[in-house]
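A look at the structure
Letter by letter, the chains look like this.
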Amino acid sequence: MSDQIMTMSHAAPRRAAPPAWRKPVLMGAPIVLLLTVFLVFPVGQLLALSVYNGQGFTLAPYQQLFSSSLYVTVLWITLKISLATTLVSVAGAYPIAYLISVAKGPAKSRLIFWVLLSFWTSFLVRAFAWVIILGRNGVINGTLMSLGITDRPIDLLYGFGSVLVGMVHAMLPLAVMTMLAVMENIDRTLPRAASTLGARPGTAFWTVYFPLSLPGVAAAAIMVFVSAIGFFIVPALLGGRRETMITQLIIDQIQQTLNWGLAGAISVLLLTVVLAVFVLYDRVFGFATLTGETAGATHNRDTAMRRLGGRVLGLLGAASDALIGLFPRRRPRGTGETPSTALRTVVWAMLVLISLPAFLMIPLSFGKAGLAWPPTGFSLQWYEQLFQSPLWMQALTRSLVVAFGTGLLSMAIGVPAAFLMVRSRMRAKGAMLAFILSPVIVPRMIIAVGMFYLFAQMGLVGTILGLVIGHTVVAVPYVVMTMTAVLRNYDTRLDLAAQSLGARPLAALRHVTFPILGAGMLSSFLFAFATSFDELTISLFSSGGLSATLPKQFWDEVTLQVSPVIAAVSTGLLVFVAVLIYAADRLRRRSLAS
Amino acid sequence: MSSSSLTVQGLAKRYGDFVALAPTDLVVADGEFLTLLGPSGSGKTTLLSLLAGLVPPDEGIVRIGAQDVTYAPPYERDIGVVFQNYALFPHMTIAENIAFPLKMRKIPEAEAKKRAREALEMVHLPHIAGRYPRELSGGQQQRVALARCMVYKPSIILMDEPLGALDKKLREHMQLEIKHLHRELGTTVVYVTHDQEEAMTMSDRICLMNSGRIEQLGTPADLYFRPRTLFVADFLGESNLLPAALGPRLGDEAEIRLGSAGIPGRALANGQDLPPGSSVRVMVRPQNLSIARPSGDETAVMGRVSDVMVTGSLTKVYMQPLDAALPPLVAAFATRNEAEAIRIDDVLALSWDSRDAVVIPDRAPAAVAGIAAKAA
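Quick caveat, the model's predicted, so the values are computed rather than measured. (Residues numbered from 1 in each chain as written. Chains lettered and ligands numbered in written order. Predicted model: local features only at pLDDT ≥ 70, side-chain atom pairs only at ≥ 80, totals over all residues.)

Before going further, it helps to examine the overall build of chain A. A count of helices and strands for chain A gives 26 helices and zero strands. Compactness check: chain A gives a C-alpha radius of gyration of 26 Å against a globular reference of 25 Å for 594 residues, within 12% of the reference. With respect to the principal axes defined by its C-alpha atoms, chain A has extents near 100 × 75 × 55 Å. By residue count, 45% of the 594 residues in chain A fall in the buried class. (Helix = DSSP H or I, 4+ residues; strand = E, 2+ residues; numbered from the N terminus. Rg over C-alpha atoms; globule rule 2.2 N^0.38 Å. Buried ≥ 20, exposed ≤ 12 C-beta atoms within 10 Å, placed from the backbone.)

Turning our eyes to something else, we now look at the overall build of chain B. Counting its regular elements, chain B contains nine helices and 20 strands. With the C-alpha coordinates aligned to their principal axes, the bounding extent of chain B is approximately 75 × 60 × 35 Å. Across the 376 residues of chain B, 40% fall into the buried class. Sequence-distant contacts, at least 24 apart, represent 65% of the contacts inside chain B between residues at least 6 apart. (Contact = placed C-beta atoms within 7 Å.)

A separate point is the interface of chain B and chain A. In this assembly, 22 residues from chain B lie in contact with 22 residues from chain A. Taken together, the elements giving at least two residues each to the side of chain B that touches chain A come down to β6 (79–82) and α2 (94–104) of chain B. In terms of residue class, the side of chain B that touches chain A is built from 18 nonpolar, three polar and one charged. (Nonpolar A, V, L, I, M, F, W, Y, C, P; charged D, E, K, R; others polar.)

Its place among the elements puts Leu420(A) in helix α18 (residues 390–423). In this structure Leu420(A) touches Pro24(A), Met27(A) and Gly28(A), once residues within four positions along its chain are discounted.

Glancing now at the domain arrangement of chain B. All names here are of chain B. In terms of domain boundaries, chain B breaks down into domain 1 (4–230) and domain 2 (238–375). Each side of the interface is counted separately: domain 1 has five residues, and domain 2 has seven residues. When the residues that make up the side of domain 1 that touches domain 2 are grouped by side-chain class, the tally is two nonpolar, one polar and two charged. (Domains from an automatic or database assignment.)

This part is about helix α3 (residues 109–122) of chain B. Residue and element names in this part refer to chain B. The terminal C-alpha atoms of α3 lie 20 Å apart, and with 14 residues this matches the ideal 20 Å at 1.5 Å per residue to within 8%. Of the surrounding elements, those touching the buried residues of α3 are α2 and α4 (138–150). Within two residues after α3, His124 carries a phi angle of roughly 60 degrees, on the positive side. (Expected span 1.5 Å × (residues − 1).)

A few words on the sheet that holds strand β10 (residues 213–218) of chain B. All names here are of chain B. Taken in spatial order, the six strands make up an open sheet running β6-β7-β8-β3-β9-β10, and their pairing is mixed. The sheet is open, and its two edges are formed by β6 and β10, each paired on a single side. Each neighbouring strand pair of the sheet contributes to a mean axis angle of 20 degrees, computed without reference to strand direction. Both strand β7 (residues 156–160) and strand β8 (residues 188–193) contribute to a ladder of five bridges, which runs parallel. Bridge assignment links Asp160 to a residue of β8, and that residue is Val192. (Pairing = 2+ DSSP bridges. Axes fitted to C-alpha atoms, helices over the stretch in contact; angles between N-to-C directions.)

The next point concerns the confidence of the model for chain A. All names here are of chain A. Chain-level pLDDT for chain A is 82 on average; 90% of the residues reach the 70-or-more range. Of all the helices and strands in chain A, helix α1 (residues 2–11) carries the lowest mean pLDDT, 46, while helix α4 (residues 70–102) carries the highest, 92. Predicted confidence is poor over residues 1–11, with pLDDT under 50, and the contacts of this stretch with residues over four places away or in other chains come to zero contacts. With pLDDT under 50 throughout, residues 332–336 is counted as low confidence; its partners more than four residues away or in other chains account for twelve contacts. (pLDDT = per-residue confidence, 0-100.)

What follows is about unusual backbone geometry. Leave glycine aside and you will find that most residues have negative phi; peptide bonds, for their part, are mostly trans. Residue and element names in this part refer to chain B. Positioned with a positive phi, Glu161 is a non-glycine residue whose angle comes to about 40 degrees. With respect to the secondary-structure elements, Glu161 resides in the loop between β7 and α5 (168–185). Residue classification places Glu161 among the partly exposed positions, given that 19 C-beta atoms sit within 10 Å. Even without being a glycine, Ser211 presents a positive backbone phi close to 35 degrees. Within the element layout of this structure, Ser211 appears in the loop between β9 (205–210) and β10.

Now for the nonpolar core. If you look at the biggest cluster of nonpolar residues, it comprises 266 residues, and the most contacted ones within it are Val449(A), Val282(B) and Val359(B). Two domains each provide a minimum of three residues to this core, namely domain 1 (4–230) and domain 2 (238–375) of chain B. Ignoring sequence-local partners within four residues, the contact set of Val449(A) consists of Leu46(A), Ile250(A), Ile254(A), Ala263(A), Ser267(A) and Phe541(A). (Core = buried A, V, L, I, M, F, W, Y, C linked by C-beta atoms within 7 Å.)

Below, the discussion takes up the confidence of the model for chain B. All names here are of chain B. On average, residues of chain B score 86 in pLDDT, and 93% of them reach the 70 mark or higher. Put simply, helix α9 (residues 363–375) is where chain B has its lowest mean pLDDT, 42, and strand β3 (residues 33–37) is where it has its highest, 95. The model gives residues 364–376 a pLDDT under 50, and that stretch makes one contact with residues more than four places away or in other chains. Predicted as a complex, the structure gets a pTM of 0.80 and an ipTM equal to 0.77.

Below, the discussion takes up the pairing of β3(B). All names here are of chain B. With respect to burial, β3 is a largely interior element, five of its five residues being buried. The alternating pattern of β3 places Phe33, Thr35 and Leu37 on one face and Leu34 and Leu36 on the opposite face, and all of these are buried. Judged from the five bridges that link them, β3 and β8 form a sheet pairing that is parallel. Pairing of Phe33 across the sheet is with Val189, part of β8. Alignment of β3 against β9, held across four bridges, turns out to be parallel.

Residues and elements named next belong to chain A. Here α18 crosses helix α23 (residues 505–533) at 135 degrees, and the two axes come no closer than 8 Å. When the axes of α18 and α23 are compared, the pair comes out oblique. Pair α18 / α23 crosses with right-handed handedness. Mapping the contact onto sequence places Ser399, Val402, Ala403, Phe404, Thr406, Gly407, Ser410, Met411 and Val415 in α18 and Met521, Ser524, Phe525, Ala528, Phe529, Ser532 and Phe533 in α23. Partitioning the contact of α18 with α23 into residue classes produces ten nonpolar, six polar and no charged. (Parallel < 35°, antiparallel > 145°, perpendicular 65-115°, else oblique. Left-handed = near helix turned anticlockwise from the far one by under 90°.)

Let us look at the packing of helix α6 (residues 123–134) of chain A against helix α8 (residues 160–183) of chain A. Angle between the axes and distance between the axes: these two values describe a pair of packed helices. Residues and elements named next belong to chain A. Where α6 contacts α8, the two axes come as close as 10 Å, and the packing angle between them is 145 degrees. The element α6 and its partner α8 pack so that their crossing is right-handed. Along the contact surface, α6 presents Phe123, Arg126, Ala127, Trp130 and Leu134, while α8 presents Ser162, Val165, Gly166, His169 and Ala170.

All names here are of chain B. The residue Met319 is located in strand β17 (residues 314–321) in this model. For Met319 and Leu88, which are 231 residues apart along the polypeptide, the C-alpha to C-alpha distance reads 52 Å. Filtering out sequence-adjacent residues up to four positions away, Met319 remains in contact with Gly303, Arg304, Val305, Ser306, Pro328, Leu329, Ala331, Leu348 and Leu350.

Have a look at this one:
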């Protein structure tokens, strides 16, 4: 037996073992290359434009920036709106995420479906729905007047309130999904243990569950804050002059005056704020919580803050227990294992509230009266107009092609990177993760403007390829994040088993790894697809004037002339998203069953 | 072991059609170490959860001391639970974890700190108070979980497979340690395990469970030597179960006739009240079999040796009886010098003392009767 092995190893031609660095480099190179060429370089170029005017060094843009109070005021407004959005979204998302994390079976799937439906319904559709709801002829005013409560419409639109409502509506699903990743990892026996040790429900929640969920709250807060700060759709559609946000100023500089220097300077300002927030976050919680790593990975042992926090939470617990004590106790209840009816009612009410706006588009799209509430009659004229419009149809085809291309390219680049992040023992893993996440961290507007400048130099403006590359840059972090989470749950011993049974690494990948990871990979693909399909910021510039994508076409229509065709498009998008989520869920279940 | 500290009457739990626990009665004495033993799905964890108040029962009563706690939430029962995964709070230091139940009981901070320190000393870990749970080994986490449970001296401690995650050596060490702590503190312990050896070494009494009901409740020796059902005989250790026909009673023994040949013999009637002529099983433990020198008190079976296995201090001999109606027998002897060793194909007679044989009702006829009743 051993002789045989000896002769065999002698007979086989001796191949030099590939150097150990080759595989990780091959897996990491595509994403590093993509982000360096199409993110770091263009953003760097844009920032450089703020101090270099073609002849030499200049600080003129910064003088312009600080000479009037306009820009600082706008920055302050931006921060105020983003902060308010963050607070409300996180507070609202907490009970929803909590209920999802404790729900089981079909109840859980139903809750997740509704959150995902809002999450994937286009920002444009959702923001536009609020225009309809809050407008002078809108749902609220229409209802109030028909009930005779007021006789003239109230101004609900174009103020801080309407912007906040729109922003929270846009960000709440993101907050829920981010928080959920952490909450799902909290050991459910811990609150039970607290209960057996003598803690009443309120105390068990505030002193045990809540501290463990804090990393999720923090992750959700930073995701919402950073998304909000770079957002322009909601303030543009729902805000007045006093709710102008800083990204809108950048658009103005590019689209109206082509003042690259000032656009660069504003970008520097915005980026500085965002980076400061992120550095703070990393110090306190660590980036790892963003990918749903187990709660409580880092703890400062410093006691003064902790003790104060402990006191506050203890008091909160005692207070809520006193509150609970006011109600008569129903008899056979366990330990709060089954969520209370009150919680469920509140959460479902919130889910209805965040889903409803988009659904209002359905009756409007079939009405005769256009966009005024209430809809009257039944007609398919808006759909006819939509399908006869070459502009809309070309935009739809282009969007589908770009989204599909983005999905494929993001997977090709993101999946190897995810394998690298999970499996290799790199020293610079933290830095690599931060680099991969940078398209999420850098405000989208800055990426879009920088990319526009680069694409103009390369002749990529208005091309499908340009859009695919641009969208892949912003979609690839999501692919890496979802795939990392999927891979972390994958038992790598299965690969070793396959290899021990004679499968070469690629064969093991094909026959064992990919079939098991199929559902996770599909959902990553859909994530990238949907990100591209709804992408507006990059398309706003890089599609050029003529070759619009669906969101760009939507944006042009909404900002130039509001037509009821929009309602028909919105309805179509809503149905499309619902079908996608349903199909993905079915596929996931089938792969689990097999 | 004077008064009862825990009383359960008609306690039952169903999940839909699945009966997790059939109506069950159980009394645990003060200071007793009672083990709930059984395969997975036997209802032992359900019973423990009902005792802890983590799950509400469908019917029945649970009393701790004299107090009815059937529907009381866990925090109002005077209990402690050691969870399978320890359930230490990851965001609290070890000292904070142990002081947690004292804080919940509004014990002043200084006093709580002192008692937490004492509890850590009791489990031989005084130096780790400032650490976080994830910085400890599995064995250390286990001890902290024990300390957290004992620090407030609950009248009953419930343990759910607390040693399941530890390796064999550490597990045996911790078994001893838990026994010592139990003796020192005199607390009542209800302990869940699926490991029969663990149950045998640790318990005052074992409550063996199977498909949602109690199969037998008694001391480890009761269950091992005097099992009342086939399940108990089979679950605990190795056993020989020989089909036999029951003859008339003689004091606490009964006459039996083994196999198709009707080899005559006697066995302990085991308190079973079965009519003569019933078909039964006779159980004999392998170590109670010896190579036959038939005398008046012994029953013997002839057969051919099919396998011999030396397992260290014991040698196991497998024998196929000449009567084909009898199943193969296994006997365990102290391993002997090679000269006297038993070899494959030797023909032997294995015999046993009638005091070491026990009559167990055969389940098969009852099942057949059940099916017949259904058919009719």
